[in-house]
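# Working through the structure, step by step
Now for the letters of each chain:
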Amino acid sequence: MTTRTVWILLLAALLALGGCQDSGTSSDNAAQTPAETAADIESDDAASADDSMGDEAQPPPRNFARLGEQRGLLSRTDAATPGYVFFNPLLSDTTYLVDLDGQVVHTWTSRFGTAGGIYLKDNGNLMRAGADAAAPVFGGGGQGGWFEELTWDGDVVWEFHFASEQYRPHHDFALKPNGNILVIAWEAKTVEEAIATGRNAEEIPKAGIWPDWIVELQPKGDNDAEIVWQWHLWDHVVQQVDESLDNYGVVAKHPELLDINAAHLAEPVTQEELDQQRAADFAVSNATVDNRGADLFHTNAINYNAELELIAISLPGLHEIFVIDNSTSTAEAATGTGGRWGKGGDILYRWGNPANYGRGNDADRKLGYQHDVSWVSDESGENVSLLLFNNNVPGTDPGQSAVDEIKLPLTEAGFELSDDAAYGPAEPAWRYMTEDPMAFFSPFISGAQRLNNGNTLVTEGASGRFFEVDRNGNIVWNYMAPYSGDLRNPDGTTPQPVGPFIYATFRSTHVSADHPGLAGRELTPLDPQPPAHEPQGN
């Protein structure tokens with residue numbers, strides 16, 4: 001396969017998925033330029049690639065994977081936050097814990113590739129979402145099916161399978177203080193069901209659509225769990241296409257509901273094109289011509305605020321983040337009343353793309369295929385924000401990434417919203433983005449974590465690069481993971497569709513030096529260190 005073919009396939013795969021080191025800039029109340037879709041950005045890159053690749057020896061327009069660059073510890077300053085960082089490359093069954101010198105001090109090994117979310121509990125156990133190679137029907141990035149808890153020594157103390165022809169977990173989960181987990185899952189809806197809820201028939205794949213379902217699981221014993229709460233996006237939709245349907249309404253009058261026609265279907269592919277993508281590790285086992293685009297919303301992150309009893313989720317297919325109430329009963333979650341915030345399971349807050357609810361246009365869009373939304377608050381606890389990784393900032397050319405902090409318009413009564421206006425704020429309260437588009441960019445996966453001292457750990461997921469910045473955008477720690485893996489499903493496909501992104505990592509996580517899970521642990525560098533992964537051909 002030629003270099004040109006590989007990169008054209010790559011760009012096609014990014015569309016299917018949704019989507020020199022220096023210090024960057026950070027800003028308060030950062031301004032943004034007019035919006036541009038992630039698809040437009042990637043199409044522009046494709047055009048550049050097409051123009052520049054007449055000679056097969058020429059490199060791609062941008063080395064998103066950072067292949068050929070130095071790996072391991074790149075820099076460390078005295079301002080780096082004491083602690084450790086753990087991560088699991090998408091092609092690996094191993095979770096690595098490294099110190100600030102970039103030395104591996106501990107590993108956990110699973111029998112599954114990762115689906116995305118991984119968390120360290122206070123007792124030192126690792127909670128992990130695993131990819132199920134045998135799960136039917138659903139095929140897309142972030143596919144899961146297994147959940148497991150491993151002790152510090154790697155023994156499995158809980159393992160639960162959760163997948164069927166009707167549902168499948170994917171990407172992330174959230175660990176609640178009571179030990180329950182909040183899971184993102186696809187649920188299958190037929191073409192007929194989609195039409196019956198007002199979805200435009202021309203925008204429905206032959207296999208139907210997969211709206212998201214949030215399930216709260218309470219682990220039981222060593223291999224079981226009970227569903228104790230659930231929320232269906234399907235229960236909170238509106239449409240203004242068919243007046244004969246019960247959910248008909250003016251979209252702009254119902255920001256608490258999702259316009260079922262807001263997300264558009266991905267461009268179709270032929271079987272030959274799909275086979276080429278699969279051969280190049282850009283498509284998963286269950287991907288078919290008929291289910292392309294079924295994952296309309298592609299919810300890729302979930303985070304829980306215990307004090308407020310609120311859930312934040314990221315829906316990159318909509319270029320939006322939502323906040324919903326977890327204090328409701330399951331019955332209330334299917335309605336628009338009840339719970340601490342009084343609105344049942346309706347959308348309490350949304351941000352990033354007000355055109356989705358008829359209160360803006362494309363020029364008002366702030367997010368581009370974002371990942372990893374999380375709650376943060378200031379020292380007073382009064383100002384609550386959401387932090388996220390904005391993969392393709394609207395209006396940037398070539399596409400650029402940013403880490404954005406969104407200060408929420410939250411009062412004791414709920415989220416403020418004026419009649420006919422979009423949810424605020426107008427701009428992020430803080431942003432990290434580099435002036436040089438080559439210095440920092442990831443078109444998919446990735447994350448951001450606010451640390452206790454106000455610094456931020458950034459995951460440039462496509463390349464497996466993790467770095468810490470202060471509030472002024474100065475890089476105080478910089479590391480490029482040298483680890484990958486060679487996991488394959490029985491049919492030869494990779495657990496996740498990473499293509500040439502062999503170091504790709506869903507998210508890295510900083511663990512403070514005083515974390516309870518690390519107390520009394522042996523944290524000296526392993527000797528010998530795990531072998532670094534060398535790309536084939538290097």
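Residues numbered from 1 in each chain as written. Predicted model: local features only at pLDDT ≥ 70, side-chain atom pairs only at ≥ 80, totals over all residues. Heavy atoms only, no water.

Scanning the protein chain from N- to C-terminus turns up 5 helices and 30 strands. Looking at the protein chain residue by residue over its 538 residues, the buried ones come to 58%. Here the protein chain displays about 20,600 Å² of accessible surface, and carbon together with sulfur accounts for 47% of that area. (Helix = DSSP H or I, 4+ residues; strand = E, 2+ residues; numbered from the N terminus. Buried < 20%, exposed > 50% of the residue type's maximum accessible area, 1.4 Å probe, protein only. Areas by Shrake-Rupley, 256 points an atom, 1.4 Å probe, with all protein chains shown as cover.)

Below, the discussion takes up helix α4 (residues 271-279). Turning to α4, its buried residues number three or more, namely L274, Q277 and R278. Around the axis of α4, the buried residues are gathered within 100 degrees of arc, so they sit on the same side. Looking at α4, the residues exposed on the side facing more than 90 degrees away from the buried face are E272 and A279. Two residues or fewer past α4, D281 is found with a positive phi of approximately 65 degrees. (Arc of directions from axis to C-beta.)

Quantified by volume, the largest pocket comes out at close to 1,600 Å³. Put simply, the parts of the chain that give the lining of the largest pocket at least two residues each are β6 (114-120), β10 (167-175), β16 (301-305), β20 (371-377), β22 (402-407), β26 (447-450) and β30 (509-512). With 6 residues, β20 is the single largest residue contributor to the lining of the largest pocket. Split by residue class, the lining of the largest pocket holds 19 nonpolar, 16 polar and 12 charged. (1 Å grid on protein atoms, 1.4 Å probe; cavity = no way out; pocket = protein on both sides within 12 Å on 5 of 7 lines; lining within 4 Å. Points joined across faces, edges and corners; volume = space filled by probe spheres on them. Nonpolar A, V, L, I, M, F, W, Y, C, P; charged D, E, K, R; others polar.)

All right, on to empty space enclosed by the protein then. Size it by volume and the second largest cavity reaches roughly 70 Å³. Around the second largest cavity, the lining residues are F86, F87, N88, G116, G117, I118, T505, F506, R507, S508 and T509. Within the residue set of the lining of the second largest cavity, elements represented by two or more residues are β3 (83-87) and β6. Looking at the lining of the second largest cavity, the element that brings in the most residues is β6, giving 3 residues. Residues that form the lining of the second largest cavity fall into these classes: 4 nonpolar, 6 polar and 1 charged.

Glancing now at the nonpolar core. Judged by nonpolar contacts, the single largest core of 28 residues is most densely connected at L258 and F297. Residue assignment for this core shows that the elements contributing at least two residues are β11 (181-187), β13 (224-232), β16, β17 (310-315) and β18 (320-325). Looking at which element gives the most residues to this core, the answer is β17, with 3 residues. Residues in contact with F297, not counting those within four places in the same chain, are P211, D212, L233, L258, I260, A263, L315, P316, G317 and L318. Counting residues in hydrophobic clusters, the runner-up holds 25 residues, among them W341, Y349, Y357 and L386. (Core = buried A, V, L, I, M, F, W, Y, C linked by side-chain atoms within 4.5 Å. Contact = heavy atoms within 4.5 Å.)

Turning to the sheet that holds strand β12 (residues 212-220), a few remarks are in order. Taken in spatial order, the 4 strands of this open sheet run β10-β11-β12-β13, and their pairing is antiparallel. One side of each edge strand has no neighbouring strand; the edge strands of this open sheet are β10 and β13. Mean inter-strand twist for the sheet, computed between neighbouring axes without regard to direction, equals 30 degrees. Across 6 bridges, the pairing between β11 and β12 is antiparallel. From the neighbouring strand, A185 faces β12, where its bridge partner is W213. (Pairing = 2+ DSSP bridges. Axes fitted to C-alpha atoms, helices over the stretch in contact; angles between N-to-C directions.)

This part covers the pattern of salt bridges. Counted by the stated rule, this structure contains 22 salt bridges. Linking R278 and D275 is a salt bridge whose minimum nitrogen-to-oxygen distance equals 3.7 Å. With R278 and D275 both in helix α4 and 3 residues apart, this pair spans about one turn of that helix. Its relative accessible area of 38% is what places D275 among the partly exposed residues. A salt bridge links R431 to D404; the nearest nitrogen and oxygen atoms lie 2.7 Å apart. (Salt bridge = Lys/Arg side-chain N within 4 Å of Asp/Glu carboxyl O.)

A word on the environment of P525. Along the chain, P525 falls in the segment after β30. Taking the relative accessible area as the measure of exposure, P525 reaches 40% and is therefore partly exposed. In this structure, the C-alpha to C-alpha distance between P525 and V98, residues 427 residues apart in sequence, is 8.2 Å. Ignoring any residue separated from it by four or fewer positions in sequence, one finds P525 in contact with D99, Q103, V104 and V105.

What follows covers the confidence of the model for the protein chain. In low-pLDDT segments, the atomic positions of the prediction should not be examined closely. Looking at the protein chain as a whole, its pLDDT mean stands at 90, while 88% of the residues score no less than 70. Within the model, pLDDT remains below 50 along residues 1-9, and this stretch shows 20 contacts once partners closer than five positions in the same chain are excluded. The low-confidence segment residues 29-60, where pLDDT is below 50, has 72 contacts with residues more than four positions distant or belonging to other chains. (pLDDT = per-residue confidence, 0-100.)

Here we take up the environment of L67. On the secondary structure map, L67 appears in the loop between α2 (38-52) and β2 (72-76). Each C-alpha atom, one on L67 and one on E534, is 9.6 Å from the other, the two residues being 467 residues apart in sequence. Each residue touching L67, except ones within four places of it in the same chain, is listed here: P500, I502, Y503 and P535.

Looking now at the packing of aromatic side chains. Under the defined criterion, the tally for this structure stands at 27 aromatic pairs. Here the aromatic rings of W158 and F160 are separated by 6.1 Å at their centres, their planes lie at 15 degrees, and the arrangement is stacked. W158 sits in the buried class, given a relative accessible area of 2%. Overall, the relative accessible area of 9% leaves F160 in the buried class. (Phe/Tyr/Trp six-rings, centres within 6.5 Å; stacked < 30°, edge-to-face > 60°.)

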